[in-house]
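So you can see what is in the structure, the chains are spelled out below.
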Amino acid sequence: MSRLLTFLAVVTFMSTGSDLFAQGLSDPTLPLEKRGKTSGGVSLQLNSILIADDRKVAVINGHVISLGESVAGIRVVSVEEQAVHVLHQGRKLRLSMGGSAVGVRK
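Nothing here was measured: the structure is a model prediction, and the numbers come from that model.

Conventions adopted
- Sequence order sets the numbering: in each chain, residues are counted from 1 along the sequence as written.
- Selection of residues for local features in this predicted model requires a pLDDT of at least 70, selection of side-chain atom pairs for listing and counting requires 80 or more, and totals for whole chains, interfaces and linings are taken over all residues.
- The side-chain values count all of the structure's non-hydrogen atoms but skip hydrogen atoms and water molecules.
- Strands are runs of DSSP state E lasting at least two residues, helices are runs of H or I lasting at least four, and both sets are numbered from the N terminus onward.
- The buried label goes to any residue with under 20% of its type's maximum accessible area, the exposed label to any with over 50%, and the partly exposed label to all in between, with areas taken from a 1.4 Å probe on protein chains only.
- Note on contacts: a residue pair qualifies if any of its non-hydrogen atoms lie within 4.5 Å across the two residues.
- Two strands qualify as a pair provided DSSP detects at least 2 bridges between them.
- Orientation is described by lines fitted to C-alpha atoms, with helices fitted over the stretch in contact, and by angles between N-to-C directions that extend from 0 to 180 degrees.
- Salt bridge criterion: a side-chain nitrogen from Lys or Arg within 4 Å of a carboxyl oxygen from Asp or Glu.
- The quantity known as pLDDT measures the predictor's confidence residue by residue, on a range of 0 to 100.
- We call a set of buried residues a nonpolar core when its members are Ala, Val, Leu, Ile, Met, Phe, Trp, Tyr or Cys and they connect through side-chain atoms within 4.5 Å of each other.

### Side note on the overall build of the chain
Secondary structure summary: the chain contains one helix and ten strands in total. By residue count, 23% of the 106 residues in the chain fall in the buried class. Across the chain, the fraction of contacts at a sequence separation of at least 24, relative to all contacts at a separation of at least 6, is 30%.

Written as structure tokens, this is what we have:
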């Protein structure tokens, strides 16, 4: 009986613990152009850009963020047709629709 309980405890720990470790990992098989920019351990992926007469919006990591707004520590400072400039953890980054991101010097 104690062997069964030990086995179940180990299986339970391994199944929940693997989720904790996987959260910080990125998929190494993704092509470079599909990987987001990493800023302070967080991958930033530009999903979409919307530019209208009265509004500019970026979708980053699934969050809809209007020009000048901040969500999840990401502040959108400019929106262009193919790229967005953001501030994240004190770093200014340029996220492009192609999946690449470039750090911008201050």
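After that view of the structure, there is still more to cover.
### Examining unusual backbone geometry
Of note in the backbone geometry, N61 takes a positive phi value of approximately 50 degrees without being a glycine. Tracing the sequence through the fold places N61 in the loop between β4 (55-60) and β5 (63-66). Judged by its relative accessible area of 32%, N61 is partly exposed. Phi is positive for A72, which is not a glycine, with a value near 55 degrees. Tracing the sequence through the fold places A72 in the loop between β6 (70-71) and β7 (74-79).

### A short note on the sheet that holds β4
Adjacent strands of a sheet pair through backbone hydrogen bonds, lying either parallel or antiparallel. The strand order across the open sheet formed by three strands is β3-β4-β5, and the pairing between neighbours is antiparallel. The outermost strands of the open sheet, each flanked by one partner alone, are β3 (46-52) and β5. Across this sheet, the average inter-strand angle for adjacent strands is 20 degrees, counted without regard to direction. Here six bridges tie β3 to β4, and the two strands are oriented antiparallel to one another. For S48, the partnering residue across the bridge sits in β4 and is V59.

### Section: the pattern of salt bridges
Scanning all chains against the criterion turns up one salt bridge. For the salt bridge of E80 with R94, the shortest nitrogen-to-oxygen distance reads 3.9 Å. One end of the pair, E80, is in the loop between β7 and β8 (83-88); the other, R94, is in strand β9 (residues 91-96), and 14 residues separate them in sequence.

### A few points about the confidence of the model for the chain
Per-residue confidence for the chain gives a mean pLDDT of 75; residues scoring 70 or more make up 55%. Averaged pLDDT values over the elements of the chain bottom out at 54 in strand β1 (residues 37-39) and peak at 94 in β7. Confidence over residues 17-24 falls short of pLDDT 50; this stretch has zero contacts with residues more than four positions distant or in other chains.

### Some thoughts on the nonpolar core
Within the largest apolar cluster, 13 residues are counted, with the highest numbers of intra-cluster contacts made by L46, I60, V76, V84 and V86. Listed by contribution, the elements that provide at least two residues to this core are β3, β4, β7, β8 and β9. When residues in this core are grouped by element, the largest group, three residues, is from β7.

### Some details on the pairing of β9
Judged from the six bridges that link them, β8 and β9 form a sheet pairing that is antiparallel. Within β9, the position partnered with H85 by the bridge is R94. Hairpin geometry of β8 and β9 is characterised by an intervening segment of two residues between the two adjacent antiparallel strands and by a positive phi of about 55 degrees at Q89.

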